[in-house]
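One-letter residues, chain by chain:
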Amino acid sequence: MAGQRKSYDIKGTSQYSRMQDYSSYQPSALGTFSISEDGDFINCNKAKIPTLLDYKLPLNLDEGYNGTEGKDKARETTFPQWEKGLKWIHGSKEGYGSVSSVDIIASRGILKDIGYTNHNQYNNPWKFEACKFKGKVYLRKVDEEEDENEWCIRNSYWGKKFEEYLIQQETGTKATYRMLKGKIGKKTVLLSAEVDAISSDGKYMEIKTCFANKIGVKVPQAWWQSHLGKVETLYYGLKTRQGMVYDKPTEISMAVALTKYVKKDTANEMIGFTGDVLDWLYGALPDKDETWILEYTGGRQIFLRSTGEKFLPNWYLQFIEGKKEEELVKQVEALTLSHPVN
């Protein structure tokens, strides 16, 4: 019923730090998929991970920036169509076979925002849509226009421009994702996590830009994001206020980030908080195809409210409704992985 409301009271951070050790989260990589330049799902479990390009310093991140066009570039992969993760589930036996033991299905970015709630010095709000159906909670971002100032838009553009200079995507591909499964708190989570690049020695990398005097502030959140996505190296382009990168990017291994920038209690608190929120959400949602808004607006509470609207796409409902699990596994085993069902 639309209008129902529930809330989660945020505890003291020390309580969360005792709930789960960050190192116990060891997700398994199950497969990959890519998004084409037109936004289509491609390369189910055969996606090529982007590599690093040769580049020549300095890099002008402001090149091509033009107000609204810059905002479009900054947003073009901010809200990937969430159904692509469902397409991966639908299109391979690794996908559906893995879901039988999963409680939560979400993107890495959603869990990053939830886990960093208590450490965001600006109390930035977040809002997601949620649904529990057949014992599994689905989470997706709310695709709505953000009220950003010109400086924020420009900095987002610079981040995408930096990636363009450094990353070699497969022809026709806009973004590549890994599907990961791991335990957070009491729940098993299936994550889609965008892969920025892989180094020549096989290490997964998170590509970022940062002002030199802000790196100590930025690394903790980047560490948490990368820990969720099983990334091994942070790769920072240190930019000026004019959007120029003059020096070779700074590499920070996850181990160094943890010893120099992130306290162990903070790392434990982020995963403990995420697990506790997911456990509460799992119990709070009714098991039906209905959209609920999960929202943090600042302060010490997280709110959940029903909308009465449907959540899951019809093609996915048709896929899972009225069939036994073993029948579905047989169905996806018969699919041609290079041409998943549209």
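Criteria and cut-off values
- Residues numbered from 1 in each chain as written.
- Predicted model: local features only at pLDDT ≥ 70, side-chain atom pairs only at ≥ 80, totals over all residues.
- Heavy atoms only, no water.
- Helix = DSSP H or I, 4+ residues; strand = E, 2+ residues; numbered from the N terminus.
- Contact = heavy atoms within 4.5 Å.
- Areas by Shrake-Rupley, 256 points an atom, 1.4 Å probe, with all protein chains shown as cover.
- 1 Å grid on protein atoms, 1.4 Å probe; cavity = no way out; pocket = protein on both sides within 12 Å on 5 of 7 lines; lining within 4 Å.
- Points joined across faces, edges and corners; volume = space filled by probe spheres on them.
- Nonpolar A, V, L, I, M, F, W, Y, C, P; charged D, E, K, R; others polar.
- Buried < 20%, exposed > 50% of the residue type's maximum accessible area, 1.4 Å probe, protein only.
- Pairing = 2+ DSSP bridges.
- Axes fitted to C-alpha atoms, helices over the stretch in contact; angles between N-to-C directions.
- Salt bridge = Lys/Arg side-chain N within 4 Å of Asp/Glu carboxyl O.
- Phe/Tyr/Trp six-rings, centres within 6.5 Å; stacked < 30°, edge-to-face > 60°.

Trainee: So what about the overall build of the chain? Which residues, and what values?
Mentor: A tally of regular secondary structure across the chain gives 11 helices and 18 strands. In the chain, 76% of the contacts between residues at least 6 apart in sequence involve partners at least 24 apart. Total accessible area on the chain is roughly 16,100 Å²; 45% of this is exposed by carbon and sulfur atoms.

Trainee: For empty space enclosed by the protein, give the residues involved together with the corresponding values.
Mentor: Going through the model one piece at a time under the given rule, you end up with 1 cavity of 30 Å³ or more. Looking at the largest cavity, its volume works out to about 30 Å³. Around the largest cavity sit R108, R178, A193, E194, V195, D196, Y204, G229 and V231, which together line it. Across the lining of the largest cavity, the residue classes break down as 4 nonpolar, 1 polar and 4 charged.

Trainee: Residues and numbers for the environment of T32, please.
Mentor: Tracing the backbone through its elements, the reader meets T32 in strand β2 (residues 28-36). Residue T32 is classed as buried on the basis of its relative accessible area, which comes to 13%. Separated by 162 residues in the primary sequence, T32 and E194 place their C-alpha atoms 9.5 Å from one another.

Trainee: Report on the environment of E269, specifying residues and quantitative values.
Mentor: With respect to the helices and strands, the residue E269 is situated in helix α9 (residues 264-284). Expressed as a C-alpha distance, the spacing of E269 and S17, which sit 252 residues apart in the sequence, is 3.9 Å. Not counting chain neighbours up to four residues away, the residues in contact with E269 comprise T13, Y16, S17, G115, N118 and H119.

Trainee: With reference to specific residues and values, describe the pairing of strand β7 (residues 126-133).
Mentor: With 7 of its 8 residues buried, β7 lies for the most part within the structure. Taken together, the 6 bridges between β7 and strand β17 (residues 288-296) define a ladder with antiparallel strand orientation. Residue pairing for β17: E129 is matched across the bridge by I293. Pairing of β7 with strand β8 (residues 136-141), which is carried by 5 bridges, proceeds in the antiparallel orientation. When the sheet's bridge partners are listed, A130 is paired in β8 with L139. Taking the residues between adjacent antiparallel strands as the criterion, β7 and β8 are bridged by 2 residues, where K134 takes a positive phi near 55°.

Trainee: Any chance you could break down the sheet that holds strand β10 (residues 173-184) for me, citing the residues and the numbers?
Mentor: What the 10 strands build is an open sheet, ordered β1-β18-β17-β7-β8-β6-β11-β10-β2-β3; its pairing is mixed. Looking along the sheet, the strands with just one partner apiece sit at the ends: β1 (5-9) and β3 (41-42). Where helix α5 (residues 108-115) meets the sheet, it contacts β6 (104-107), β7, β8, β10, β11 (187-195) and β17, and its direction lies at approximately 110° from that of β11.

Trainee: Tell me what's going on with the pattern of salt bridges, and back it up with residues and numbers.
Mentor: As enumerated under the stated definition, the model contains 12 salt bridges in all. The closest approach of N and O atoms between D21 and K264, which form a salt bridge, is 3.5 Å. One end of the pair, D21, is in the loop between α1 (13-17) and β2; the other, K264, is in helix α9, and 243 residues separate them in sequence. Between E206 and R108 there is a salt bridge; the shortest N-O distance is 3.2 Å. Note that E206 is positioned in strand β13 (residues 204-211) and R108 in helix α5, a separation of 98 residues in sequence. Here the residues in one salt-bridge network are D62, E150 and R154, joined through shared partners.

Trainee: Would you mind going over the packing of aromatic side chains in detail, with residue names and values included?
Mentor: All chains considered together, the criterion is met by 13 aromatic pairs. A centroid spacing of 5.0 Å and a plane angle of 85° characterise the contact between Y16 and F273, whose relative ring orientation is edge-to-face. With a gap of 257 residues between them, Y16 in helix α1 and F273 in helix α9 connect regions that are remote in the sequence. On the basis of relative accessible area, Y16 is assigned to the buried category, the value being 0%. Taking the relative accessible area as the measure of exposure, F273 reaches 0% and is therefore buried. A ring pair is formed by W126 and F128, whose centres lie 5.2 Å apart and whose planes are at 20°; its orientation type is stacked.

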